[in-house]
Each structure stands twice: as structure tokens, then as C-alpha cells.
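Coordinate inspection notes
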Amino acid sequence: MGKLRQREEERLAPGHTGRPRPLRNLLLLLWTLLNCGLGVNAQGPGEWTPWGSWSRCSSSCGRGLSVRRRQCVRFPREELCWGDTHEYRLCQLPECPPGAVPFRDLQCALYNGHPVLGTQKTYQWVPFYGAPNQCDLNCLAEGHDFYHSFGRVLDGTPCRPGTQGLCVAGRCLSAGCDGLLGSDAREDRCGRCGGANDSCLFVQRVFRDAGAFAGYWNVTLIPEGARHIRAAHRSRNHLALMGGDGHYVFNGNWAVSPPGTYEAAGTRVVYTRVTGSEETLRAAGPTSEDLLLQVLLQEPNPGVEFEFWLPRERYGPFQAEAQGQGWSLRQPQPQEVDPQSPESPAAPTVIPPRTLGPTPDPCPPCPDTRGRAHRLLHYCGSDFVFRARVLGRVRQAQETRYEVRVQLIYKNRSPLRALEYVWAPSRCPCPPLALHRDYLLAARRLISPDGTQDWLLLPHAGYARPWSPAEDSRVRLAARHCPL
Ligand SMILES: *[C@@H]1O[C@H](CO)[C@@H](O)[C@H](O)[C@H]1NC(C)=O
Ligand SMILES: *[C@@H]1O[C@H](CO)[C@@H](O)[C@H](O)[C@H]1NC(C)=O
């Protein structure tokens, strides 16, 4: 009982001005006297006074600490109060001006020129960080090979330059998310200090689309407000991330980006790739806008795992959209926490595959690409010019892949195989290629920075003409007009 009351006391203390105190103390006194009168031993701990106010920050710039105190009021036979008499809080002032002497240096320097080691010799002292207890004032005698420990550093001295901890009573303490030093309060997955993960929901799924087509596939929307985002897969495919404005953050437009840290949606996205084994994406969030996670397939998809934590209120809309789009709902969803299941309709585990089939496309007309200037431009600017027969075509959301048989090479910067895939960066390629016909094509080569991927790309409104003897001779002629 006593303990519970004290905890409450601690919690209320900052707001208390101490007014109800005299009454309570009086009651306590009466109660004690009463108990004594009845011959009951007054056991249990005493009572805390309210906390005093926070002291000024220990430093005048940078990080420091401030402290507040309370006292234990107890009767002779009562035990000590339960809890701490001091509470330390981190205070953050504007950064120190360059050249300011650090707190620890100052404390060592206090011994400069004073005889300290029992002899009359004096030394110049500078901090020494190689000693076991970093909250002792260990100072190196400059120009000598020994250090001396002058006891504890003052409270508020950084444990080490560049680290978070501060020394308090000889111990290195770091602040919890409540700002109190030595507190073990941590942010939960939802970003609440000391929370219990209950204001957000965990989404964890595997995108296992069979990947019948190479190219970009939607994996999932990552709604605004998401935290602790991760995605990973093991294959030669690539994750791609698109921002809310429709621009790719990395791996967009058929170009493989280098691994690294990218800024997107107000957070840092760390993208790693170990060639041939694993690719991962991580971001702490919270995100300030929706992101779209995609995968650029070039071999069958063995599964893209992803997870994130979503504020409760965003979960329903996310779930509805995911179902509408058929995102990654074709497999069981392990470990998904969804205590609100009556509100959000149960996710079907099987949805018929999306058919991007033979529906006629409302493709806009293509720009006119006839003429000698256009031919020259593309001939000279391309990596490959060749005659090819179109064997197959696969259309996807944002690109079209042609399978072609290379028949005659006019120009190539690297070897071409007999059968190649040629990509057009649109679902409505310009100019469109018809199946089973021969074309003269000018293509570019896209190579990933690590050299493991390459694609033949037909630029939008590039050079792609039905093959004819006349076009053949024009192309041969073009070769002579390229600048060197
Ligand atoms: C919140 O979730 C994380 C990850 O699942 C877990 O490690 C942590 O212990 C949870 N915190 C609480 C307070 O339950
Ligand atoms: C992928 O998601 C985006 C954003 O919701 C949507 O515009 C696009 O049509 C989707 N693509 C496919 C193939 O579903």
C-alpha cells in the first residue's frame, strides 16, 4: 500500500504546489499516534516531500543536466522512503561556440601548475579516456606517460566526447525518451514514449506474385505515418521506391541506383544490396507522405518480405486500398495484428490474378518520328542499331517488353545475342512494334552500377522503322554522318 501511494505521489509531484501537504502530514501524524496508542508498530517507509524545482542547466552551452530534489519525511521507526532523492534531466542548450574549452578539459586544467602528487613537481593536465571508469576525472600529465585519477568528474560531464551519456555521481547515464537520465523509458513502435505498441498496428506480409512479366510490380503502398519500415528479398530482382509525387527515390526508370541512404517522405531510407544475395530497405519513419514500394522483376519472384507499423487510424484505409488493388493478398498474412477485425473486412487469401490481358488499349497517338534528322540523331546516339523480328510482347503497367530475334547488326557497342529482350519505357510504346514483323531498331544499353544487369531500351519516340531495303540503305548511310 505504502509503495503505491508513493508512486502516485511521484507522478503528481510536478503539478503540486504543496498546499495539501500540512493536512496530510497532520493526518499522518494522527494516524501514527493512533497506531502507537493501539500498540501497533509503525512500520513501512516514510513519505516524500514534493519535488523541488529543476535547477539551472549545468552547462552554459551544448548538453548538460539539471537536477531536482525531494526529501524523505519519516518518523523514527519508519523506514527510508522508497525511490530516489534526486532526479536528473537532460538539458540541451545551443551548441558551444567553436574553440570553447570542454567541461572535462576545464576540470583537468584546474590542477595545472599545482603540486598534486605528493612532490613539488607540477604538470599540465589534459583528459585521458583510456582509463576504466569514464566518470572518473582521469587526466594525463602532458609530455609524460602517466595519468592520474582525481576522483569523480562533476555531474553533467559528458562520459566521452561524441556520445550521449552524461556522468552523474560517478556513473555514466543516458537519457530515456522522457528526458530523464538513467530512465529506461523508450519509444514504442508507434513513437510514444513509454507506450505499449497499442496506438499502431503491425503490418507484415510477403509479396509472392508469380511475376509472369518482367518489369515493375506494385508490392505495397506504405501509407503516410508508417514507422519501422523494412523490406527484403533474395533474388536478382530489385526493390524500387516511388515517392508521393510519382518520382522514384531509387531504382526507377530502369536504372539501378547505388546502395546508400536516400531521403524520402521526411525520413532516411537505407537501401542495401549484396550482389546476388540480398537486397534490403529500411526506414525509421514516420513518413510524411505515402510511398509506393515496387519490385523490378527480371526473374521469378521468390517473395518480397515487408513490414511496417501503421497508426491505427490509417490501417482501415490501407487495408481497403490493398484489397482494391489486389496487393499482396494472395498469400496468408502471418503475424498481422488486427484487433479491429469486425471493422476491417477479412482479407481474402485468394484473389484472381490481375489480367493485363488482351483488352484494347486507349493508347494516345505517337509523335511523328520520320525524317533524316531523327534517324541520324538516334543512329549516332544509340549503343545498338540492328534489324530484328518481334517474336513476343508483354505489356505491363509502366513498360512493354518485346522479345526479338536479332537478324543483322549495323552498330553495336557490345555483343548482342540472337534472342534479346528490348524494353520500351511505357505501356503505350512509341512507336509500337507489331508482332512477327521485322524492324530496324536503335537501342540504348542500361547497365546497373554493379554491372550485374543490363537492358536494351527503346527510348520513347526513338527510332523503330519497319524494315525495308530502302530503310536499310538509309541506315547504312547514316553511319557515315555521326560525329566522331
Ligand atoms: C513493442 O514491439 C517491439 C517489436 O515487436 C517489442 O520489441 C517491444 O518489446 C514492444 N514493446 C512493448 C512495450 O510491448
Ligand atoms: C501501382 O500503384 C499505383 C499507385 O496506387 C497505381 O497508380 C498503379 O496503377 C499501380 N499499378 C499496377 C500495375 O497496379
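Described below are features of the structure shown in this document. (Residues numbered from 1 in each chain as written. Chains lettered and ligands numbered in written order. Predicted model: local features only at pLDDT ≥ 70, side-chain atom pairs only at ≥ 80, totals over all residues. Heavy atoms only, no water.)

Here the structure, examined in full by the defined rule, presents 16 aromatic pairs. Their ring planes at 75° and their centres at 6.2 Å tell us that tryptophan 125 and phenylalanine 146 sit as a pair that is edge-to-face. Residue tryptophan 125 is located in strand 5 (residues 125-127), and its partner phenylalanine 146 is located in the loop between strand 6 (136-141) and strand 7 (147-152); the two are separated by 21 residues in the primary sequence. Between tyrosine 315 and phenylalanine 318 the ring centres are 6.5 Å apart and the planes differ by 55°, which places this aromatic pair in the tilted class. Of this pair, tyrosine 315 and phenylalanine 318 both sit in helix 4 (residues 312-325), three residues apart, roughly one helical turn. Using a relative accessible area of 2% as the deciding quantity, one classes phenylalanine 318 as buried. (Phe/Tyr/Trp six-rings, centres within 6.5 Å; stacked < 30°, edge-to-face > 60°. Helix = DSSP H or I, 4+ residues; strand = E, 2+ residues; numbered from the N terminus. Buried < 20%, exposed > 50% of the residue type's maximum accessible area, 1.4 Å probe, protein only.)

Of note, the bond from glycine 285 into proline 286 is cis; its omega dihedral lies within 30 degrees of zero at -5°. Tracing the sequence through the fold places proline 286 in the loop between strand 17 (278-283) and strand 18 (291-297). Residue cysteine 430 is joined to proline 431 through a cis peptide bond whose omega torsion reads -15°. Summarising the element assignment, proline 431 is placed in the loop between strand 22 (419-424) and strand 23 (438-447). With phi around 70°, tryptophan 254 is a residue other than glycine that occupies positive phi space. Locating tryptophan 254 in the fold gives a position in the loop between strand 14 (248-250) and strand 15 (260-264). Positive phi values are uncommon outside glycine, yet histidine 436 reaches one of about 65°. Residue placement: histidine 436 occurs in the loop between strand 22 and strand 23.

Here the focus is the sheet that holds strand 16 (residues 267-274). Across the sheet, six strands lie side by side as 10-19-12-17-16-15; this open sheet has antiparallel pairing. On the outer flanks of this sheet lie strand 10 (200-207) and strand 15, each paired with one strand and no other. Within the sheet, the average angular offset between the axes of one strand and its neighbour, ignoring direction, is 15°. In terms of strand pairing, strand 15 meets strand 16 through five bridges, oriented antiparallel. Looking across to strand 16, one finds that tyrosine 262 is bridged to valine 269. (Pairing = 2+ DSSP bridges. Axes fitted to C-alpha atoms, helices over the stretch in contact; angles between N-to-C directions.)

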